[in-house]
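Structure at a glance
Take a look at the letters that make up each chain.
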Amino acid sequence: MQISIHAERPDTADAQALIAELDAELAPLYPPTSQHGYSIEQLIREKVDFFVVRVNGEAVGCGGVQFYADYGEVKRMYIRPMFRGMGLAQRLIEHLIAYAAAHQCRLLRLETGILQPAALRCYERAGFYRIGPFGNYPDDPLSLFYERPIGEQG
């Protein structure tokens, strides 16, 4: 199995399909007021560095990092269901951590939903720990917030 993770614009056909699948998966779990993911247009406008995971050339996952003055934020992490349990999410989050470190980012943060236990386990395995709301996020009871210093073991 050949796995690659490469930068890709979020408006490519493969990236659009992955983001649409992520949105479709989240829609029945959370009301619109609790869905905080960027649209494709927002990903581009906000200059999110976006990546696509491929297995044997097939796009199977995505994720990105948006840089702020004092931290980076993980955005739009997703692995297609049939490819879960293969360690791809862990590889992607490790890639995003390394990418952020290479860009002198010393802290990564993220927001995710409470109804995604596999995602929560993935982030916690990667050394993320719970914090309160940050940035412009509301204190939403359906959201969890995490951060991870870069350069430290999780």
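Let me begin by describing the structure that accompanies this report. (Residues numbered from 1 in each chain as written. Predicted model: local features only at pLDDT ≥ 70, side-chain atom pairs only at ≥ 80, totals over all residues. Heavy atoms only, no water.)

This next bit is on the packing of aromatic side chains. Within a pair of aromatic rings, the relevant descriptors are the distance that separates the centres and the angle that separates the planes. The tally for this structure, following the rule as stated, stands at nine aromatic pairs. Aromatic pair phenylalanine 51 and tyrosine 99: ring centres 4.8 Å apart, planes at 75 degrees, arrangement edge-to-face. One end of the pair, phenylalanine 51, is in strand β2 (residues 49-55); the other, tyrosine 99, is in helix α3 (residues 88-102), with 48 residues separating them in the sequence. Residue classification places phenylalanine 51 among the buried residues on the basis of a relative accessible area of 4%. Directly above the ring of tyrosine 38 sits lysine 75, whose terminal nitrogen or CZ lies 3.8 Å from the centroid. Of note, arginine 109 hangs over the ring of tyrosine 71, and the distance from its end group to the ring centre comes to 4.6 Å. (Phe/Tyr/Trp six-rings, centres within 6.5 Å; stacked < 30°, edge-to-face > 60°. Helix = DSSP H or I, 4+ residues; strand = E, 2+ residues; numbered from the N terminus. Buried < 20%, exposed > 50% of the residue type's maximum accessible area, 1.4 Å probe, protein only. Lys NZ or Arg CZ within 6 Å of the ring centre and 35° of its normal.)

The next point concerns the sheet that holds β2. Spatially, β1-β2-β3-β4-β5-β7-β6 is the arrangement adopted by the seven strands of the open sheet, whose pairing is mixed. A single partner strand is all that each edge strand has here, and the edge strands are β1 (3-7) and β6 (129-131). Across this sheet, the average inter-strand angle for adjacent strands is 30 degrees, counted without regard to direction. Sheet strands touched by helix α1 (residues 13-26): β2, β3 (58-67) and β4 (72-79). Its angle to β4, the strand with the most contacts, is close to 85 degrees. (Pairing = 2+ DSSP bridges. Axes fitted to C-alpha atoms, helices over the stretch in contact; angles between N-to-C directions. Contact = heavy atoms within 4.5 Å.)

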